[in-house]
Amino acid sequence: MTPKTPIRWRRKDLLGIAELSPEEIGLILDTAESFAEIGERAIKKVPTLRGKTVLNLFFEASTRTRSSFEIAEKRLSADNINFSTSGSALEKGETLIDTALNLQAMAPDLVVIRHAHPGVPHMLAKRIEAGVINAGDGAHEHPTQGLLDLYTIRRRLGNLKGVKVAIIGDIAHSRVARSTAKGLRAMGAQVTFVGPPTLLPPGGLGFATALRPEDVLADTDVIYLLRLQLERGTSTYLPSVGEFIRLYQLDARRLAMAPEHAIVMHPGPMNRGVEIAPDVADLPRAAIEDQVTAGVAVRMALLYLLLGGLQEAVA
Ligand code: NCD
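Calculation criteria
- Residues numbered from 1 in each chain as written.
- Predicted model: local features only at pLDDT ≥ 70, side-chain atom pairs only at ≥ 80, totals over all residues.
- Heavy atoms only, no water.
- Core = buried A, V, L, I, M, F, W, Y, C linked by side-chain atoms within 4.5 Å.
- Buried < 20%, exposed > 50% of the residue type's maximum accessible area, 1.4 Å probe, protein only.
- Contact = heavy atoms within 4.5 Å.
- Near = heavy atom within 4 Å.
- Polar contact = N/O pair within 3.5 Å; in protein donor to acceptor, adjacent residues only side chain to side chain.
- Areas by Shrake-Rupley, 256 points an atom, 1.4 Å probe, with all protein chains shown as cover.
- Helix = DSSP H or I, 4+ residues; strand = E, 2+ residues; numbered from the N terminus.
- Nonpolar A, V, L, I, M, F, W, Y, C, P; charged D, E, K, R; others polar.
- Salt bridge = Lys/Arg side-chain N within 4 Å of Asp/Glu carboxyl O.
- Axes fitted to C-alpha atoms, helices over the stretch in contact; angles between N-to-C directions.
- Parallel < 35°, antiparallel > 145°, perpendicular 65-115°, else oblique.
- Left-handed = near helix turned anticlockwise from the far one by under 90°.
- Pairing = 2+ DSSP bridges.
- Right-handed = clockwise from strand over helix to strand, strands pointing away.

J.: What is the right way to look at the nonpolar core in this model?
T.: In globular proteins that are soluble, nonpolar side chains generally tend to be buried together. The biggest cluster of nonpolar side chains holds 62 residues, and the ones touching the most others in it are I133, L147, I167 and F193. Here L147 is in contact with L14, I17, L20, I25, I28, L29, V298 and L302, once residues within four sequence places are set aside. L228, L247, A262 and A286 belong to the second-largest nonpolar core, a separate cluster that totals 26 residues.

J.: I tried to follow the site of the ligand on my own but got confused; where do I start?
T.: Within the structure, the ligand sits among R64, T65, R114, H142, Q145, R175, V176, R227, Q229, P267, G268 and P269. Backbone polar atom of P267 to a nitrogen atom of the ligand: 2.9 Å apart, as the coordinates give it. Its free accessible area being 320 Å², the ligand has 92% of it covered by the protein chains. Only α2 (64–75) and α6 (175–186) provide two or more residues apiece to the shell around the ligand. For the shell around the ligand, the residue count by class is three nonpolar, five polar and four charged.

J.: I tried to follow the pattern of salt bridges on my own but got confused; where do I start?
T.: When the charged atoms of two side chains lie near each other, side chains of opposite charge can form a pair. Counted according to the given criterion, the structure contains 17 salt bridges. The partner of R154 in a salt bridge is D30, and the shortest N-O contact between them spans 2.9 Å. Separated by 124 residues along the polypeptide, R154 in helix α5 (residues 143–157) and D30 in helix α1 (residues 22–36) bring together distant segments of the chain. Of the charged contacts in the structure, one is a salt bridge between R154 and E33, with a shortest N-O distance of 3.5 Å. One end of the pair, R154, is in helix α5; the other, E33, is in helix α1, and 121 residues separate them in sequence.

J.: Where do I start with the packing of helix α3 (residues 96–105) against helix α4 (residues 120–127) in this structure?
T.: Axes are the key here: two packed helices are described by the angle between their axes and the distance separating the axes. The contact between α3 and α4 brings their axes to 10 Å, and the two run at 45°. Comparing the axis directions of α3 and α4 gives the class oblique. Judged by the sense of rotation from one axis to the other, the crossing of α3 with α4 is right-handed. Only V120, M123, L124 and R127 of α4 make contact with α3, whose side of the interface consists of L96, I97, A100 and L101. For the contact of α3 with α4, the residue count by class is seven nonpolar, no polar and one charged.

J.: Whenever I open this one, the pairing of strand β2 (residues 79–84) confuses me. Can you help?
T.: Side chains on a regular strand alternate between the two faces of the sheet. Across six bridges, the pairing between strand β1 (residues 53–58) and β2 is parallel. Bridging from a neighbouring strand, V54 pairs with N80 of β2. Crossover connection from β1 via α2 to parallel β2: handedness right-handed.

Shown next, in the form of structure tokens:
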């Protein structure tokens, strides 16, 4: 299985969406389209990355991102090894740099890393020869989530240019909001961050902001909901979770204010009954499961471009 291969792809790492040009984003999404079909086959495996070794290093909790990477790696026949904080030498006092150098000594081709501190994937990318994919660094970036969101919107609405997206909730602590919004802007979509003033980043990071969902819903194509990042201290920025629910939850009444074609998205994990009413999450216009399915195809595309594309293009 060899999709149209890009002579233009020259990156070793994927550290953030902010560094990608619109052409590169378009290439990733087009490559993902050609990989999506493998997930619909009876035998969901191709030999594309046979002989390549991928290390998955998850220093922070993850269910869907980690399993999505693992499935993508397996579908492309790469060998993968999974490390998590518990049970690793970091618990025995080894520094992250020493861990990185030890991992480098095993000659992996690619490292996928999630870490609670912003910038750790960038540090690793400078120190090791292998490619590095950022699977989430603190509240900074989560580029593969951003890319799978763009893919899902393009699939559902047919376009990204001119699409109006309201990202609602805990923007301040969300790496997903940062990556998805930057990717959308690069592709010509219009993003508005919606949330209480204490959960909006300073200056809206250059994006439009609104304080109430009611201010934007009538003119929105995508309603993108975010979980309250309580593990990052969000509760100290809110009078109460109950008030957040009353003012921001997407329930049937608020959804009825949006155009009929508007879709509902969420990166997961969802807190049903908090940012999203339980019944809204299951409506056909909710694209939340589509996002998860898209995640595998988009990660396959990235693995292919980072590990296989260049060599095949050069060969
Ligand atoms: C998000 C994350 O980890 O940043 N989840 C994900 O990767 N799909 C969002 C979250 O934890 O709320």
